[in-house]
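These are the residues of each chain, in order.
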Amino acid sequence: MLKQEAEGLHVYNTLTGQKEPFKPITPGQVRMYVCGMTVYDYCHLGHARVMVVFDVVTRWLRARGYQVTYVRNITDIDDKIIRRAAENGEGIEALTARFIAAMEEDAAALGVLKPDHEPRATQYVPQMQEMISRLEQNKLAYLAADGDVNYSVRDFPGYGKLSGKSLDELRAGERVEVDSSKRDPLDFVLWKRSKPGEPSWDSPWGGGRPGWHIECSAMSSTLLGEHFDIHGGGADLQFPHHENEIAQSEGASGKPFVNYWMHNGFVRVADEKMSKSLGNFFTVREVLKKYDAEVVRFFILRAHYRSPLNYSDAHLDDAKHALTRLYTALKNTPPAAVTLDWNEPHARRFRAAMDDDFNTPEACAVLFDLAAEANRGDARAAGLLKALAGVLGLLTQDPVAFLHGAGAQQAGAGELAAADIERRIAERAAARKRRDWKESDRIREELAKQGIVLEDGPSGTTWRRN
RNA sequence: GGCUGGAUGGCAGAGUGGUCAUGCAGCGGACUGCAAAUCCGUGUACGCCGGUUCGAUCCCGACUCCAGCCUCCA
């Protein structure tokens, strides 16, 4: 495990727009909150990116010796959920349970470790009400004519500090719908009066349900305290969601809320943001039919978390070939058992990369250098390769198993079974023995047509799926 | 319109004021019955125009183009 002081981790903080030395509030401990999913549909690649990115952040913090408490919430009550459930003629609980299960499945497939807490909004309604009351006491919330409780943004002096906007600038956009019951168009709902038939909780302001932003403020302070280290999420949450969280949390507690804000870049399709509203999204399970989950994870980690990531089959294929190279090295040279020495030159470079705002592409470059050394027969390099990749949650499979399965996760129907392949290889070996190259090449050709690549080595023929 | 980011070789994608990113693809060689894999070698890459500098892809300024946010979105 790494000494935390050595050189030092630097994190890009959206709040300041700069990389800053990372200093936890409590030495040796990190408390991190990440905005998770609203569970009314399957995860798409954008969600996958958030999960993988902050999974790696957590893993690296732990590798560095920090004791991490990682919270990733689940939004299980909101307009879209209500609407979707109504469309489906399905109960809200049934709908959310279904998509929570699907999300857990996707996350597990992608090698994402479970967060320490996965709180659901519906389980924290009392805490939200308590916070809203405090905001009322602090003159930051008011009951509007339509029965909603709103946050009064102009009464919170720091409003806009995360997104770098002033209230005037925001208003200039004039895309905000005029809502006469709000004192300021940017005021947002803390507590929403329920319409008949909608889920409703009793409250001092009448039957209603929480606004979207309040859940994160309530859950984070309950589980991590009013002031914690890292808050993460997709870049699109910067405004208004995270801005509003700050307003709520700091408005209620009077304390600073979060020290480091981290936002990951979008997944794009044809240079456009992948999003539900554009309809240009690919669900995780859809992609996993075509690509091994580790390929998807590797694809995400080959780009820096703050950069945009363009999705296309060609790019996934590229990632697959690259990952195949890594696994091939492990197959060629079985890794020696090594204990990670962070002062070893490769490990040092890897560490420096990860310490520099989680520069996973640079860390991956180290992996490829080690693969080259492993291919020259260096079992220690292979061992180091496996160990460092493991820190990123990569190269966790058996190399031969990966190479035999690479491509589709589920060996699709119509795909040649391993036993058949082995049988053909044996037949080819016989042909080769009698120097019948024509027959030998015919068999190889035939297998190639089915995506099977044969590799003749000194100790026999091995195969992999292309 | 306002505010953020970005523009790197065929593609993907890091990074740096003056010797290497890395991967995929390509090319040449080795190995192989032939391949594949692997190894060795191989590319006048840094949007455009000025400026600072002995020297800029990297610093500064203008410009062009792209993406994102300003409405739900990871």
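All figures in this text were calculated on a predicted structure; none of them were measured in a lab. (Residues numbered from 1 in each chain as written. Chains lettered and ligands numbered in written order. Predicted model: local features only at pLDDT ≥ 70, side-chain atom pairs only at ≥ 80, totals over all residues. Heavy atoms only, no water.)

A. Focus on the overall build of chain A. Secondary structure summary: chain A contains 16 helices and 15 strands in total. Over its C-alpha atoms, taken along the principal directions, chain A stretches across nearly 90 × 55 × 35 Å. Scored against the burial criterion, the 466 residues of chain A give a buried share of 51%. Of all intrachain contacts in chain A linking residues separated by at least 6 positions in sequence, the fraction that spans at least 24 positions is 74%. (Helix = DSSP H or I, 4+ residues; strand = E, 2+ residues; numbered from the N terminus. Buried < 20%, exposed > 50% of the residue type's maximum accessible area, 1.4 Å probe, protein only. Contact = heavy atoms within 4.5 Å.)

B. Geometry of the packing of aromatic side chains. Inspection of the entire model under this criterion finds 17 aromatic pairs. Note on F228 and F257: the rings are 5.2 Å apart at their centroids and 85° apart in plane angle, and the pair reads as edge-to-face. With F228 in strand β9 (residues 228-234) and F257 in the loop between α7 (238-253) and β10 (258-264), this residue pair connects regions lying 29 residues apart in the sequence. F228 sits in the buried class, given a relative accessible area of 0%. Both rings, one in Y305 and one in F358, keep their centres 6.4 Å apart while their planes meet at 70°; by these two values the pair is edge-to-face. Of this pair, Y305 sits in the loop between α9 (293-301) and β13 (309-311) while F358 sits in the loop between α11 (345-355) and α12 (360-375), and the two are 53 residues apart along the sequence. Three or more aromatic residues link up through ring pairs in this structure, and these residues are Y33, F228, F257 and W261. Over the aromatic face of Y12 sits the side chain of R306, whose NZ or CZ is 3.9 Å from the ring centroid. (Phe/Tyr/Trp six-rings, centres within 6.5 Å; stacked < 30°, edge-to-face > 60°. Lys NZ or Arg CZ within 6 Å of the ring centre and 35° of its normal.)

C. Expanded view of the sheet that holds strand β4 (residues 67-75). Pairing is parallel in the open sheet, where four strands are placed in the order β4-β3-β9-β10. Every interior strand has two partners, whereas the edge strands, β4 and β10, have only one. Strand-to-strand twist across the sheet, computed as the mean angle between neighbouring axes with direction ignored, equals 20°. (Pairing = 2+ DSSP bridges. Axes fitted to C-alpha atoms, helices over the stretch in contact; angles between N-to-C directions.)

D. Spotlight on the side chain of R72. Along the chain, the position of R72 falls in strand β4. The exposure class of R72 is buried, given its relative accessible area of 3%. Reaching out from R72, the side chain makes a polar contact with the side chain of E118 at a distance of 3.3 Å. Non-local contacts of R72, meaning those with residues more than four positions away in its chain, are made with V34, G36, M51, V112, P115, H117, E118 and P119. (Polar contact = N/O pair within 3.5 Å; in protein donor to acceptor, adjacent residues only side chain to side chain.)

E. Structural detail: the sheet that holds strand β6 (residues 149-151). Taken together, the four strands give an open sheet; going across it, the order is β5-β6-β7-β8, and neighbouring strands pair in antiparallel fashion. Of all the strands in the sheet, the pair left with one neighbour each is β5 (141-143) and β8 (208-210). The sheet shows a mean angle of 25° between the axes of neighbouring strands, direction not considered. Across three bridges, β5 lies against β6 in antiparallel orientation. Looking at the pairing, L143 lines up with V149 of β6.

F. Focus on unusual backbone geometry. For the bond from F239 to P240, the omega torsion is 0°, close enough to zero to count as cis. Examined against the element boundaries, P240 turns out to sit in helix α7. Positioned with a positive phi, K139 is a non-glycine residue whose angle comes to about 65°. Counting through the fold element by element, K139 comes out in the loop between α4 (125-137) and β5.

G. Layout of the environment of K331. Inspection of the secondary structure puts K331 in helix α10 (residues 313-332). Among all residues touching K331, those that are not within four sequence positions of it are P399, V400, L403, E455 and T462. Of the polar contacts made by the side chain of K331, one reaches the side chain of T462; its length is 3.1 Å.

H. Highlighting helix α16 (residues 437-449). A rise of 1.5 Å per residue sets the reference length of α16, with its 13 residues, at 18 Å; its end C-alpha atoms lie 18 Å apart and thus fit the reference within 8%. Those residues of α16 that are buried are in contact with α15 (418-433) and β14 (452-457). Within two residues after α16, G451 carries a phi angle of roughly 85°, on the positive side. (Expected span 1.5 Å × (residues − 1).)

I. Focus on the pairing of β10. Extensive coverage of β10 is indicated by the burial of six of its seven residues. Pairing analysis gives six bridges linking β9 to β10, with the strands arranged parallel. Its bridge partner lying in β10, I230 is registered against Y260. Crossover handedness for the path β9 to α7 to β10: right-handed. (Right-handed = clockwise from strand over helix to strand, strands pointing away.)

J. Structural context of the pattern of salt bridges. Enumeration according to the criterion identifies 39 salt bridges in this entry. A salt bridge links E226 to R134; its shortest N-O distance comes to 3.3 Å. Linking E226 in the loop between α6 (212-224) and β9 with R134 in helix α4, this pair joins segments that are 92 residues apart in sequence. Residue E226 is classed as partly exposed on the basis of its relative accessible area of 24%. The exposure class of R134 is partly exposed, given its relative accessible area of 22%. Three or more residues are tied together by salt bridges with common partners; here these are D420, R423, R424, E427, E439, R442 and E446. (Salt bridge = Lys/Arg side-chain N within 4 Å of Asp/Glu carboxyl O.)

K. Empty space enclosed by the protein, seen in detail. Under the definition given, this model contains three cavities of 30 Å³ or more. If you add up the space inside the largest cavity, you get close to 60 Å³. In this structure, the largest cavity is lined by V53, V56, V57, I300, L301, A303, Y305, F358 and T360. Elements that contribute at least two residues to the lining of the largest cavity include exactly α1 (45-63) and α9. If you tally residues by element for the lining of the largest cavity, the top one is α1, at three residues. Partitioned by chemical class, the residues of the lining of the largest cavity number eight nonpolar, one polar and no charged. (1 Å grid on protein atoms, 1.4 Å probe; cavity = no way out; pocket = protein on both sides within 12 Å on 5 of 7 lines; lining within 4 Å. Points joined across faces, edges and corners; volume = space filled by probe spheres on them. Nonpolar A, V, L, I, M, F, W, Y, C, P; charged D, E, K, R; others polar.)

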